[in-house]
Every structure is written in structure tokens, then in C-alpha cells.
Amino acid sequence: MGVVNVTPDSFSDGGQWFGAEAAIKHGLDLVAQGADIVDVGGESTRPGAQRVSAEEELRRIGPVVTELVRAGVPTSIDTMRAPVAEFALKAGAQLVNDVSGGLADPDMPRLVAAAGVSYVVVHWRGHSHDMYSRAVYTDVVAEVRAELARRVDAVVAVGVDPGRIVIDPGLGFGKRPEHNWPILTSLAEIGRLGGRAFPVLIGASRKRFLGLLLAGPDGTPRPFDGCDEATVAISALAATAGAWCVRVHQVPGNADAVRVAAAWRDATVAGSGPTRT
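Just so we're clear, the structure is a prediction, and the values are computed from it rather than from any experiment.

Novice: Talk me through the overall build of the chain; I want residue IDs and the actual numbers.
Specialist: Summing up its helical and strand segments, the chain has 10 helices and 10 strands in all. Whereas a compact globule of 277 residues would reach a radius of gyration of roughly 19 Å, the chain reaches 18 Å, a difference of no more than 12%. Relative to its 277 residues, the chain shows a buried fraction of 49%. Put simply, the chain shows about 12,400 Å² of open surface, and 55% of that area lies on carbon and sulfur atoms. Taking the average place of the 27 positive charges on the side chains of the chain and the average place of its 31 negative ones, the gap between the two points comes to 3 Å.

Dropping the structure here:
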């Protein structure tokens, strides 16, 4: 999943694709580089971000989603608002990526259910402006699983097809760096809720916990765009562990990592190397 942030303030590439023309070109480039789906968002969810109006969010994503769909690009909409998702779905988007898991807008699960599209339910404890105040866990894996299970039950209760649900543990959303690593090493456990295994989406790309891991000798975190190689490593590990999809800012290295992980998993299952062609 390639990321198109049509925002001036996203944490890693804010402003780079803010204009519709630049965002559309970037989406097309991501597909040419190997992205299977392009995720378009018009509202930053970086730590400390303030919300924009629904009208502004729609103004940002409208032409981008419309043109990418028209060009045949499989497109998802990254939004917490039902009216924004509704516009994108009518334009032809195939998936709703809701970082609030339906908590920010109670109409969202009903919209998804009526549209019959796939729905990414993300673990979330509150909006970006105060997300770290909620980052208190005794057992982060158990608590994330329990809270995701409650959200899945809630959205299924209003009609969302459980077969169209994707789980995202929400790396960095209401979590400090030390919380992200146990989550990443427990993907199969996190994806199994209520006796059912759900596809898992991982969004680790360029996030601060990688910059802190790769900090310089003086403790200065690695810049966001200096974490792309570490993101590739996470993609390979997550895909090998069974993740359904990785959401990334730079596609080529991550697409290669996913292909390597697929061959690794196939060989593990078959007990032999990948088929030669």
C-alpha cells in the first residue's frame, strides 16, 4: 500500500504532494513502482495534529481519488469521516482505512456495511492532539487485542461483513516507541480475534520509533526520510510473519521485501526452495 498524503503537515512528507496534480502523479508513480493499492488521505494524523474541516478534507482528496480511480488505480481512502469516505466510495475507492476504527464517526461502520467494501479497523485511543496521554499499558499486546476485538464486534453488529475486515494494530497511535516492538513480534496473535484470523495491515513506515532506534551517537533521532531502509526491514519481517499488507511511503524496496518474504513463506510451507522459472 503506497501512501499519498494530500496534506501540508503529515509527519514525513507533509506538503510534498499537497497539490492535486502532484498527488495524482505520485499515486500513479507508486503503482508503477509496484504498489498494489494507493491510500489517499487529506488529514494528517501525526502526533499533535489538529483536525481540519470535512470540507477542507474533501477539497484535498476529491480530485486525487477521482483521477486515480479513473486511471484504473486500486484506491483506498484514509479518513475518519463518513462523508469523506462516502465521496471516495462513490468515486470508485475500494477500501476505507479508518485510523479510529469507527470511533471518530459512528456513521462510518454503517456506511461501510451498506457499501460492502473492505474496512481497515485500526487500534485507536483518541485524536492526535493528545494521543500520548493515553499511551498507558500493562500488557500492550493483550490490551490492543481486547480493544480491537471490541471494535470488530461493534462494526459487525451494525452490518460490516467480517470477511471484509482488516486489522491494523495502530503503531504509534496512542503508543510510545517501546509499545510498538512487542506488537510487531505478535502479529499472528493480534490478528486472531474471537477465534477468527483477520488480515493484518502494518503501518511502520518512517515512524518515530525507527528514527529513535537509529539515533546518532548524540541521541539525535534519524530523520524520517533516513528510515526507509529500516522500513524495508520491518516490511520483510512483518510479511514473513503473515501480515496481509504493509503501508509505506517508498514502494520499490518494500515491494521487493514482500516478494522475498512470500518466497520464504512458500518455501517454509513446502519444505523446499521457491520454484525456478
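Novice: Give a description of the side chain of Asp 98 that names residues and reports values.
Specialist: If you trace the backbone, Asp 98 turns up in strand S4 (residues 95-98). Although Asp 98 is buried, it forms no salt bridge, and the closest oppositely charged side chain is Arg 151 at an N-O distance of 7.0 Å.

Novice: So, the pairing of strand S3 (residues 75-78): which residues are in play, and what are the values?
Specialist: Along S3, one buried face is formed by Thr 75 and Ile 77 and the opposite face, lined by Ser 76 and Asp 78, is buried too. Note: strand S2 (residues 38-41) against S3, 4 bridges, orientation parallel. In the sheet register, Asp 39 faces S3, and the bridge partner there is Ser 76. The sheet contact formed by S3 and S4 spans 3 bridges and is parallel. Counted as the bridge partner of Ile 77 is Val 96 from S4.

Novice: An account of the pairing of strand S5 (residues 118-122) is needed here, citing residue identities and associated values.
Specialist: Summarising burial for S5: 5 of the 5 residues are buried, a large majority. Going residue by residue along S5, you find Ser 118, Val 120 and Val 122 tucked away on one face and Tyr 119 and Val 121 tucked away on the opposite face as well. Assessed by its sense of winding, the connection that carries the chain from S4 through helix H4 (residues 107-115) to S5 is right-handed. Pairing of S5 with strand S6 (residues 165-168), which is carried by 4 bridges, proceeds in the parallel orientation. The residue of S6 that forms the bridge with Val 120 is Val 166.

Novice: Kindly report on the pattern of salt bridges, identifying the contributing residues and their values.
Specialist: Applying the stated rule across the entire model yields 14 salt bridges. Lys 25 is the partner of Asp 29 in a salt bridge, and the nearest nitrogen-oxygen pair spans 2.9 Å. Taken together, the positions of Asp 29 and Lys 25, both in helix H1 (residues 20-32) and 4 residues apart, correspond to about one turn of that helix. Look at Asp 29 and you get partly exposed, because its relative accessible area is 28%. Under the relative-accessibility criterion, Lys 25 is labelled exposed at 51%. Arg 125 is the partner of Glu 143 in a salt bridge, and the nearest nitrogen-oxygen pair spans 3.5 Å. Of the two residues, Glu 143 sits in helix H5 (residues 140-157) while Arg 125 sits in the loop between S5 and H5, which places them 18 residues apart along the sequence. Looking at Glu 143, the relative accessible area reads 22%, which means it is partly exposed.

Novice: Give a description of the sheet that holds S6 that names residues and reports values.
Specialist: The 6 strands are arranged S1-S2-S3-S4-S5-S6 in an open sheet whose pairing can be described as parallel. Each of the sheet's edge strands pairs with one partner strand only, and the pair in question is strand S1 (2-5) and S6. Recorded for the sheet is a direction-independent mean angle of 25 degrees between the axes of neighbouring strands. In this structure, S4 lies alongside S5, joined through 4 bridges in parallel fashion. Counterpart to Leu 95 in the pairing with S5 is Ser 118. This element, H1, spans S1 and S2 of the sheet and lies at about 175 degrees to S1. Set on the sheet, H5 makes contact with S5 and S6; between it and S6 the angle comes to about 155 degrees.

Procedures and definitions
Residues numbered from 1 in each chain as written. Predicted model: local features only at pLDDT ≥ 70, side-chain atom pairs only at ≥ 80, totals over all residues. Heavy atoms only, no water. Helix = DSSP H or I, 4+ residues; strand = E, 2+ residues; numbered from the N terminus. Rg over C-alpha atoms; globule rule 2.2 N^0.38 Å. Buried < 20%, exposed > 50% of the residue type's maximum accessible area, 1.4 Å probe, protein only. Areas by Shrake-Rupley, 256 points an atom, 1.4 Å probe, with all protein chains shown as cover. Lys, Arg positive; Asp, Glu negative; His and termini not counted. Charge placed at Lys NZ, Arg CZ, Asp CG, Glu CD. Salt bridge = Lys/Arg side-chain N within 4 Å of Asp/Glu carboxyl O. Pairing = 2+ DSSP bridges. Right-handed = clockwise from strand over helix to strand, strands pointing away. Axes fitted to C-alpha atoms, helices over the stretch in contact; angles between N-to-C directions. Contact = heavy atoms within 4.5 Å.

Nothing here speaks to function; it is all geometry.
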